[in-house]
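# Breakdown of the fold
Each chain, letter by letter, is given below.
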Amino acid sequence: MRLRIPPPRHLAALVPLLGAGLLLVFLTLPLAALVLSSGWGETLSGLRHPLAVSALWLSFLTTGSSLILVLLLGTPLAWFLARHPGRLTETLATLLQLPIVVPPAVSGLALLLAFGRRGLLGPWLEGFGVSLPFTTAAVVLAEVFVSAPFYVQAAASAFRRLDPALLLVARSLGAGPSRFFFRVALPLSARGLAAGAAMCWSRALGEFGATLMFAGNLTGRTQTLPLAIYTAMETDLGPAKAMSVLLLAVALGLLLAVGQGTRGLVTRDDAQRAA
Amino acid sequence: MLSARLDVRRGQFRLSLTLEVPPGPTAIIGPNGAGKTTALLAVLGALPDVEGTLSVDGATLLDSARGVDVPVEERRIAYVPQDYGLFPHLSVLDNVAFGLRQLPADDRGERVAAALHQLGLAHIQHRLPGSLSGGERQRVALARALAMRPRAVLLDEPLAALDKPTRLRVRSFLAEHLRGLAVPALVVTHDSADVLALGGPLVVLESGQVAQTGALGTVHSAPATEFGQAFWR
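These lines cover the structure that appears in this document, whether it is placed above or below. (Residues numbered from 1 in each chain as written. Chains lettered and ligands numbered in written order. Predicted model: local features only at pLDDT ≥ 70, side-chain atom pairs only at ≥ 80, totals over all residues.)

## With respect to the overall build of chain A
Across its full length, chain A holds 15 helices and zero strands. Along the first, second and third principal axes, the C-alpha set of chain A runs to 75 × 65 × 35 Å. Burial analysis of chain A (275 residues in total) assigns 35% to the buried set. Restricting to contacts in chain A with at least 6 residues of sequence separation, those with at least 24 account for 78%. (Helix = DSSP H or I, 4+ residues; strand = E, 2+ residues; numbered from the N terminus. Buried ≥ 20, exposed ≤ 12 C-beta atoms within 10 Å, placed from the backbone. Contact = placed C-beta atoms within 7 Å.)

Structure below.
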């Protein structure tokens, strides 16, 4: 229901409105500048620049791999957190949020100290002939590190919203935990999982600091789109702008898709509430 | 026949219960916090650390002294929670078929069709629970429970979620179906009209103990406790 809001009667009432407008302009202006400064032709030719082509492919490859890893490992973790409420899991869930708030440069250094040559696991990994830093695998690890918490948090809260009576009914109908998970819990949480996956992917796509520290900025190997934008800035603004417009478009598309996706599933959710 | 001697501890609360439930409906009544839902969950096998024995039709489902405790999944006891517990993303048909996975496809189809027909749901079998009325949902829950050919049926406040006119209609429908059952059905309710409609024996639970039990006529004409007297007013 929409209530009628009375128009402001005093000039003082306009102050918050002014502040709100100012912030709105500030938030949209840079993005508008980015789009307006690059035409279609310039964007397309910028994206054909060798730096852009290899970064595009690398970003696609690494964020795809990190997303798959996060979905495969994060879903069971989220399920565990949701199904075992208590002090321990609460602490665990809080710790898992750390990578969201820690500065990316700190994450990069931490990853180096854990998996670097002289890091905690470095010598052990070297025993298997594996050296992670400054490889494409390091990019994936950095992306998983900074993006996984977004998915795990969203997935756990989606699982927590499941009606516990459904689990009991499913069990009484002979369904074991795995059948309940795949047939009931997963479909009913799909909306939350998809939103979490989208957030997680976009965070991985934008990952810069930890990647730079842990994987470096090697064209074709570890130079993802954000790093390529940074590199291109120093020589030629064209490809930098083109890649930025592309990332902006992807981000916008993602936001719209998540909005659409959740709207499409609303009926299902309503059904859950009603049933 | 369902025979239970159950002892449940949940924090400060203790439920001590001896039941002999014949086929057909048996109502469980009692004040709030008496342990009615706990009793259902204990029979279902959903609670940890339940002591005692439970057997249905000769099958031992719990015998804590001998270390027997059949898990919920294998008890074959149907459970209908207060808001029916329908799977909102599955059609009426898929809800009813949910408990029949172990059957061959042909038998499953037959069993589901029979349950849908019996409860008058065939015409809405492809709809989602969210689009059904309260009475229809209740029937889907019952169809799903009966389709698995359970050893016993547990219903927790089956009519509480319905508005008054629907409740009147569904009450007689439900009572008729439960009276025709060849297996015991335990029905938790707080409404004397439900108890009268069911017509079966009655268990009065108070503070985790059976305060009175017997045929409807006996308990109705001579209630043993204050709650029992107030219940029929």
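## A few points about helix H6 (residues 104-115) of chain A
Residue and element names in this part refer to chain A. For H6, which comprises 12 residues, the first-to-last C-alpha distance of 16 Å matches the rise-based estimate of 16 Å (1.5 Å per residue) to within 8%. Along H6, the positions that sit buried rather than exposed are Pro104, Ser107, Gly108, Leu111, Leu112 and Phe115. Projected down its long axis, H6 carries its buried residues within an arc of 140°, all on one side. On the buried face of H6, the contacting elements are helix H5 (98-101), helix H7 (122-127), helix H8 (136-160) and helix H12 (209-215). (Expected span 1.5 Å × (residues − 1). Arc of directions from axis to C-beta.)

## What to know about the pairing of strand S4 (residues 51-56) of chain B
Residues and elements named next belong to chain B. For strand S1 (residues 2-10) and S4, the ladder comprises six bridges, and the chain directions are antiparallel. Considered in S4, the bridge of Ala4 is made with Leu54. Hairpin connection from S4 to strand S5 (residues 59-63): two residues lie between these consecutive antiparallel strands, with Asp57 at a positive phi of about 50°. (Pairing = 2+ DSSP bridges.)

## Here's the deal with the interface of chain A and chain B
In many analyses, interface size is given as the accessible surface area lost on bringing the parts together. Listed by partner, the interface residues are 19 residues for chain A and 22 residues for chain B. Of all the elements in the fold, those that place two or more residues in the side of chain A that touches chain B are helix H9 (164-172), helix H10 (177-188) and helix H15 (266-274) of chain A. Considering every element that reaches the side of chain A that touches chain B, the biggest residue donor is H9 of chain A, with six residues. A per-class count over the side of chain A that touches chain B returns 12 nonpolar, four polar and three charged. (Nonpolar A, V, L, I, M, F, W, Y, C, P; charged D, E, K, R; others polar.)

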